[in-house]
Structures are given as C-alpha cells and as structure tokens.
Amino acid sequence: MKSKKKPFTRRQFVKTTSVGAIAASQFIPGFALSSQGSTASGKLAALGGTPVRSNKSFPSWPYSDENITDSVLKTTKSGIWCRIQSKTGTVPTFEKKYAEMMGVNKCVAVGSGTQALHTAVEALGLGPGDEVITSPYTDPGTLSSILSARALPVLADVDRFSFQLDPDDVERRINQNTKALMPVHIMGQAANMERFLELAKKHNLFIIEDACQAHFAKYQGKLLGTIGDVGCFSHQSSKVLPCGEGGSIISHDENLMDRCFTVQNHGTSRLGSTETIGPKYRMNEFEAAVLLGQIPTVMERHAIRNKNANYLTSKIKDIPGIHPQKLYEGTGDGSYYLYAMNYDKKLYNGVHRSKFLKALAAEGISLSPYIKKGLHKELWVENILNRRVYQKMYTPQRLQQFRDEMVCPNVDTLCEEEMVMIWASGPLLGTQDDMDDIINALTKVYENRDQLNKV
Ligand SMILES: Cc1ncc(COP(=O)(O)O)c(C=O)c1O
C-alpha cells in the first residue's frame, strides 16, 4: 500500500548541484545523496540532518539586464515620459510589439492587471445589475475589476486538481443577469476554455480571460488571452513580463480595443473626444521602457521555464502524494509564473501540509501554500451587501442568495491543506541541478515521512 512506509531504496534521487562531477558520476540508481552527507535514509534536515541544498539561491526575480537599464535611461533622457507626448514613445511601441507577439491587431497598455480587467469590464458595458462569474482562487484584482464597475462578482468553485474554475459549478450559477464569465488562467495554465466557450455561446455571455498570470501560455494552439472576447495581463514585478506595476489588454475585436483605449484614457477617445465614464489608467513611458527592454529575450526565458517545468513534472509525478497541476487536454506551453502541486496528506501519514513545508524549507527548498483563503471568505461579501448601490440594483432575495451561495469547498481544501507551489518566475530559470534539488528534497521528505510528525 502506498501510504505504508517503504524501506529507503533511493530510486528517485537525481544528481544535485553541490556534489559536482564526482558525485554526479556516483549517481547510479540505487545510490542516495551520499556525497552530500545527506542520505535519504538519514535524518530530515529539520531534525538535524544535512540539507539537500544549502548556501545556494535560485535565480532572483525580477530579471534585469543592460537592455532594460539602457531602455529606461533612453526614456529618461528623451523627456517623453507620458504616452500622450508621442505616438512613437515606449507605450505605443510596447502595445504594437505585444500585439504582434500575441497575434492580435491591437493592445492597450494600462497601469496594472487589475486596471486592465476593470477597463475590459467597463468597455463591455457591464455595470450595476449585471453579474460576472469568476473564481475565488485568485488575486483580489480579479474581483476588484468587477466591483469597481459595481457589477456583482459571483464566485464559483474550482477543480481540486487543476485549480481552475469549474465549468459545472459556473453553469449552476448562471441566471438572467449573468453577462460575462471571467475564467482565471491560474498558475499561468489554461482554464477549461472549451467548456467556457460552450457556456458563453449557450447563454450569450462575454468571456473576459484573466490571463494576468498567463503570458505566452497556450491552449489548443492559441495563446491565452486571445480565446475569449478580451484578455488581460499583469506586468506587476513578480510576473514573467514585469515592469513594477503594469497591465495590458488584447482582443481580436478592434472596436472593443478602441473602447478600452477610451475607458482607460478618462473616457477620452484616440481622436480626443471625451465620450464616456472612465478612470485614468494610462501606462507611463518608464514602465513600457522596462517592458520593451525585455521583449528581445523574454521568449528565451519562457523556453527555459517550460523545459525545467517539464523536467520537474516528469520526476515529481512519480513521488507519491504530490501531484503536479492537472492540465486540460490541449494545454501547450505554460507561463510558469507559478509551478503548482497538490499535497495529499494521506500519503504522508496524515501529516498537515505545514510540517511538510517546514521540512522542505529545512532541506533548502521553500514552497508556498499560495493564498491563505479564497476570496469567497473575505470581508468584501458582507461589505457590498451593506452598500446602497448593491441594495438598489439587486433584490434582497438575490443578495441573500448571493451570500448563502458563497460556498467553494474545493478552494477551502486547497487553501487549508493541499496547495504547494513554487514562485517560479526566477527559480524556474535555474539549472537542471537546481531542479534536481527540488526533486531530491521532495523525494527525501517523502522517503522520511515517518519523521514528519516530529518536525
Ligand atoms: C490572476 C490574477 N488576476 C489579477 C491580478 C491583478 O494584477 P495586478 O497585480 O497587476 O493588478 C493578478 C496579480 O497577481 C493575478 O494573479
């Protein structure tokens, strides 16, 4: 039986960075990490054993090189610091280049992913009285974009193994006021877009793709963000194409893109007429300078992350009780902003994830449980129920039902006990030896799981 402790046979260990050539030559199936003085049959580092990895760091993030610093310096010296000063400044140039990379005609750059999503919501004409269904397993920015338009964010549960919005639960929550679906490509992998496209067609809904984590990721041969009506990206520092704070919007629908431009430009169109309600969300030229400095090499980093992620997955899938994120059929490249796994405590003698993470950290590999709780459990729910605009626009019955149906058990399970992930933008740019350290630490903790209770 899998959960029963196996004698330590050491078949899954792979060579590690610090051991060097001699140790590498010692890497023969059946051998442990002897040259590190850290045998898997020995003690967990958390209990005084030798860590799998020590005094080594993963590549840091955000990435920086001379191209980026030159680009910022050039912008500084040019005196063109705001997009309206020049049609050929860094913001319009970034928009053009990003649109080309994404295979669309237009892109609108804004100040954050949250702003991108809010702009898209407004440009689609969604507002008070309308409902948008999305995931509670995401950044608050997803939610904020709907709330800022004073529409109602209806949260559906996620699939426990893909961590993506569950189309069946979404369908149960569709009513006559539902106007849009906002699938989140969480962890930079594709949501179940085939199902969402079907639902959108059947119920006549817009699809706003929250691709804030999913730059250059693919599904059925298409880039995420180009599949629904509109796609939104974040360029916040931790993302794979960062500039501190930034966001972008893309769509095949050029009229919609023009409306997005107008919304984010305080309601003023490209032609200069002030037409509608809109915040001022324009990206500034320094942010775009940072982005432009990365464009020539960003796909190289994307390829390294995918190579490393595929390697990790090929090994981790054989470690009991740790399941790499389930991917839907048709998933191509991932963005690998995050590399996520599901921890099954049953195979670790029932030990809670916190001890598992502590043991791994002591081995030199820090994984994160990601968000502490789903957005369905945050204070905004009660808060909006007390807001006049919501009380005016939605019936008391609807608001009561909205509160009663804020139930997402899979999100709770992920938050409380199952999610373990790597912040991957930098770390997944590491060497294969770095990846081996991750695999070896996971393997060591599994093989020594009988010690976890003492951690
Ligand atoms: C899935 C998701 N949506 C929206 C956002 C909001 O983006 P930003 O932080 O750029 O506003 C983020 C940022 O982390 C995100 O991960």
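Residues numbered from 1 in each chain as written. Predicted model: local features only at pLDDT ≥ 70, side-chain atom pairs only at ≥ 80, totals over all residues. Heavy atoms only, no water.

(A) A look at the overall build of the chain. When you go through the chain residue by residue, the secondary structure sums to 15 helices and 12 strands. Whereas a compact globule of 455 residues would reach a radius of gyration of roughly 23 Å, the chain reaches 24 Å, a difference of no more than 12%. The dimensions of the chain, computed from C-alpha atoms along their principal axes, are 70 × 60 × 35 Å. Classification of the 455 residues of the chain by burial places 56% in the buried group. Partitioning the intrachain contacts of the chain with sequence separation of at least 6 by distance along the chain shows that 72% fall at a separation of at least 24. With 54 positive and 47 negative side-chain charges, the chain shows a separation of 5 Å between the mean positions of the two kinds. (Helix = DSSP H or I, 4+ residues; strand = E, 2+ residues; numbered from the N terminus. Rg over C-alpha atoms; globule rule 2.2 N^0.38 Å. Buried < 20%, exposed > 50% of the residue type's maximum accessible area, 1.4 Å probe, protein only. Contact = heavy atoms within 4.5 Å. Lys, Arg positive; Asp, Glu negative; His and termini not counted. Charge placed at Lys NZ, Arg CZ, Asp CG, Glu CD.)

(B) Region of the structure containing the nonpolar core. Counting 58 residues, the largest nonpolar core has Phe94, Tyr98, Phe196 and Trp380 as the members making the most contacts within it. Looking at this core, the elements that each hand over two or more residues are α3 (90-102), β1 (106-110), α5 (140-148), β3 (152-155), α7 (193-203), α9 (285-316), α11 (380-385) and α13 (396-404). Here the element with the most residues in this core is α9; it accounts for six residues. Those residues in contact with Phe196 that lie beyond four places of it in its chain are Leu165, Pro167, Val170, Leu181, Pro183, Ala191 and Ile207. Residues Leu347, Leu357, Leu367 and Ala424 belong to the second largest nonpolar core, which totals 34 residues. (Core = buried A, V, L, I, M, F, W, Y, C linked by side-chain atoms within 4.5 Å.)

(C) Layout of the packing of aromatic side chains. Scanning all chains against the criterion turns up 15 aromatic pairs. For the pair Tyr98 and Phe233, a centre-to-centre distance of 5.4 Å together with 90° between the ring planes defines the contact as edge-to-face. Taken together, the residues span a long stretch of sequence, with Tyr98 in helix α3 and Phe233 in strand β8 (residues 230-234) at a distance of 135 residues. For the pair formed by Tyr98 and Phe233, the shared burial category is buried. By way of ring pairs, the aromatic residues Phe94, Tyr98, Phe216 and Phe233 are connected into one cluster. Positioned above the aromatic ring of Phe58 is the side chain of Arg53, whose terminal nitrogen or guanidinium carbon lies 3.8 Å from the ring centre. (Phe/Tyr/Trp six-rings, centres within 6.5 Å; stacked < 30°, edge-to-face > 60°. Lys NZ or Arg CZ within 6 Å of the ring centre and 35° of its normal.)

(D) Examining the environment of Ala190 more closely. If you trace the backbone, Ala190 turns up in the loop between β4 (178-182) and α7. Sequence-wise, Ala190 and Ser335 are 145 residues apart; in three dimensions their C-alpha atoms are separated by 9.4 Å. Other than its neighbours up to four places away in sequence, Ala190 contacts Gln164, His185, Lys218, Tyr219, Leu224, Tyr328 and Thr331.

(E) Region of the structure containing the sheet that holds strand β10 (residues 322-324). One open sheet holds the three strands; their spatial order is β10-β11-β12, and the pairing between them is antiparallel. Looking at which strands have only one partner, the edges of the open sheet turn out to be β10 and β12 (419-423). For this sheet the average axis-to-axis angle between neighbouring strands, irrespective of direction, equals 30°. By the bridge criterion, three bridges tie β10 to strand β11 (residues 338-343) in an arrangement that is antiparallel. Looking across to β11, one finds that Pro324 is bridged to Met341. (Pairing = 2+ DSSP bridges. Axes fitted to C-alpha atoms, helices over the stretch in contact; angles between N-to-C directions.)

(F) Summary view of the pattern of salt bridges. Considering all chains together, one arrives at 22 salt bridges under this definition. Two residues, Glu417 and Lys345, come together in a salt bridge whose shortest N-O distance is 3.3 Å. A residue pair is termed long-range when its members are at least 10 positions apart, and Glu417 in helix α14 (residues 409-418) and Lys345 in the loop between β11 and α10 (353-362) qualify at 72 residues. Relative accessible area serves as the criterion here: at 25%, Glu417 is assigned to the partly exposed category. Its salt-bridge partner being Asp412, residue Lys377 comes within 3.4 Å of it at the nearest N-O pair. With Lys377 in the loop between α10 and α11 and Asp412 in helix α14, this residue pair connects regions lying 35 residues apart in the sequence. Each of Arg53, Lys56, Asp434 and Asp437 takes part in a single network of salt bridges with overlapping partners. (Salt bridge = Lys/Arg side-chain N within 4 Å of Asp/Glu carboxyl O.)

(G) The arrangement of the sheet that holds strand β2 (residues 131-134) in detail. The seven strands are arranged β1-β9-β8-β5-β4-β2-β3 in an open sheet whose pairing can be described as mixed. Each of the sheet's edge strands pairs with one partner strand only, and the pair in question is β1 and β3. Between one strand axis and the next, the sheet turns by 25° as a mean value, whatever way the strands run. By the bridge criterion, five bridges tie β1 to strand β9 (residues 247-251) in an arrangement that is antiparallel. Among the inter-strand pairings, Ala109 is bridged to a residue of β9, identified as Ser248.

(H) Up close: the confidence of the model for the chain. Averaged over all residues, the pLDDT of the chain is 92; the fraction at 70 or higher stands at 91%. Across residues 1-13, where pLDDT falls below 50, the model places 41 contacts with residues more than four positions away in sequence or in other chains. Throughout residues 15-39 the model reports pLDDT below 50, and contacts reaching past four residues in sequence, or to other chains, amount to 49 contacts. (pLDDT = per-residue confidence, 0-100.)

(I) Region of the structure containing the site of the ligand. In the neighbourhood of the ligand, 15 residues make up the surrounding shell, with Gly113, Thr114, Asp210, Ser234 and Lys239 lying closest. A distance of 2.5 Å separates an oxygen atom of the ligand from a polar side-chain atom of Thr114. Here Lys239 contributes a side-chain N or O atom positioned 2.6 Å from an oxygen atom of the ligand. Relative to its unbound accessible surface of 390 Å², the ligand loses 92% to contact with the protein. Per element, the largest residue contribution to the shell around the ligand is three residues, and it comes from helix α4 (residues 113-123). Tallied by class, residues from the shell around the ligand come to three nonpolar, nine polar and three charged. (Near = heavy atom within 4 Å. Polar contact = N/O pair within 3.5 Å; in protein donor to acceptor, adjacent residues only side chain to side chain. Areas by Shrake-Rupley, 256 points an atom, 1.4 Å probe, with all protein chains shown as cover. Nonpolar A, V, L, I, M, F, W, Y, C, P; charged D, E, K, R; others polar.)

(J) Examining α9 more closely. The principal kink in α9, of about 60°, is found at Pro296. Structurally, the start of α9 carries an N-cap: the backbone nitrogen of Phe286 is 2.8 Å from a side-chain oxygen of Asn284. (Bend = angle between axes of the 7 residues up to and from the residue.)

(K) View of the side chain of Asn306. You can see Asn306 is positioned in helix α9. Of the residues examined, Asn306 reaches a relative accessible area of 8% and is grouped as buried. Discounting residues that sit within four places of it in the chain, Asn306 has contacts with Asp333, Gly334 and Tyr336.

(L) Spotlight on the state of the cysteines. Under the definition given, this model contains zero disulfides. Here Cys82 stays free of any disulfide, with the sulfur of Cys243 as its closest cysteine sulfur at 15 Å. With relative accessibility at 25%, the residue Cys82 sits in the partly exposed group. Summary of cysteine pairing: Cys243 is not part of a disulfide, and the nearest cysteine sulfur, belonging to Cys107, is at 11 Å. (Disulfide = S-S within 2.5 Å.)

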